[in-house]
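Given next are the chains, with one letter for each unit.
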Amino acid sequence: MDAAKRGFPPVVDAKTRVLILGSLPGDASLAVGQYYGHPRNAFWRLMEGAINASLVARGYEDRLATLLAHGVGLWDVIETARRPGSLDAAIREPAANDLMALIDTLPALRLVAFNGGTAAKLGTRLIGDRVATLALPSSSPAYAARTFAEKAAAWTELRDGLGWA
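Residues numbered from 1 in each chain as written. Predicted model: local features only at pLDDT ≥ 70, side-chain atom pairs only at ≥ 80, totals over all residues. Heavy atoms only, no water.

Peer 1: Even after reading the chapter, I still don't get the environment of Phe43, so can you show me in this structure?
Peer 2: In this fold, Phe43 is placed in helix H2 (residues 43-51). Exposure remark for Phe43: the relative accessible area of 0% places this residue in the buried category. In sequence terms Phe43 and Val56 are 13 residues apart; their C-alpha atoms lie 9.4 Å from each other. Residues in contact with Phe43, not counting those within four places in the same chain, are Ile20, Tyr36, Leu67, Leu74, Asn115, Ser139 and Trp155. (Helix = DSSP H or I, 4+ residues; strand = E, 2+ residues; numbered from the N terminus. Buried < 20%, exposed > 50% of the residue type's maximum accessible area, 1.4 Å probe, protein only. Contact = heavy atoms within 4.5 Å.)

Here's what the structure looks like:
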């Protein structure tokens, strides 16, 4: 059996208005120790459009700082799971992060957005109606049911949670 994979700590601060939750980092992200570290994952490009700020050309720490400066935090629904490869469909024995405990520390939080169907399915169960939620199409290169333009249009809905609508 594959060893359990563990996600990253949350990237948030007291000004976080939108929390984006993925499912569990894929192998490429785990290998480089970065959220959305797969070079073909569209997350950083999608966020550029959502917050109207350059991200792709920046280093990783600067990307995180820019998200925080715009009121955006990151984490994952799953803390640990067994998963051969990176596909969400292969996730076995997931153990959830304590989302409610984190949410309780975020006084400015207005919206929890889920990056993909697995994150939305699991995360909605954990959060319930405690805070507004938004299910977004996955930024993963494995999710090809929508074009980048279609994904980008959906991701601009984050602006409502940021108060930019």
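Read on for the rest.
Peer 1: I would appreciate a short explanation of the packing of H2 against helix H3 (residues 60-69) in the present structure.
Peer 2: Two numbers describe a pair of packed helices, the interaxial angle and the distance between the axes. Between H2 and H3, the least distance of the axes is 12 Å, while the angle of their chain directions is 35°. Crossing geometry of H2 relative to H3 is assigned as left-handed. Contact residues: Phe43, Trp44, Met47 and Ile51 in H2; Tyr60, Arg63, Leu64, Thr66 and Leu67 in H3. In terms of residue class, the contact of H2 with H3 is made up of seven nonpolar, one polar and one charged. (Axes fitted to C-alpha atoms, helices over the stretch in contact; angles between N-to-C directions. Left-handed = near helix turned anticlockwise from the far one by under 90°. Nonpolar A, V, L, I, M, F, W, Y, C, P; charged D, E, K, R; others polar.)

Peer 1: What is the right way to read the sheet that holds strand S4 (residues 78-82) from this model?
Peer 2: The strands that make up a sheet are held in pairs by hydrogen bonds between backbone atoms, and each pair lies either parallel or antiparallel. Across the sheet, which stays open at both edges, the three strands sit in the order S1-S4-S5 with antiparallel pairing between neighbours. Each edge of the sheet is formed by a strand with only one pairing partner; in this case those strands are strand S1 (4-6) and strand S5 (92-96). For this sheet the average axis-to-axis angle between neighbouring strands, irrespective of direction, equals 20°. In this sheet, S5 lies alongside S4 in antiparallel orientation, the contact comprising three bridges. Counted as the bridge partner of Arg82 is Arg92 from S5. (Pairing = 2+ DSSP bridges.)

Peer 1: Can you help me understand the sheet that holds strand S7 (residues 132-136) in this one?
Peer 2: Overall, parallel pairing links the four strands, which are arranged S3-S2-S6-S7 in an open sheet. Of all the strands in the sheet, just strand S3 (72-76) and S7 have a single pairing partner and so form its edges. Each strand axis lies, on average, 25° off the axis of its neighbour in the sheet, ignoring direction. As defined by bridge partners, strand S6 (residues 111-115) adjoins S7 across five bridges and the pair is classed as parallel.

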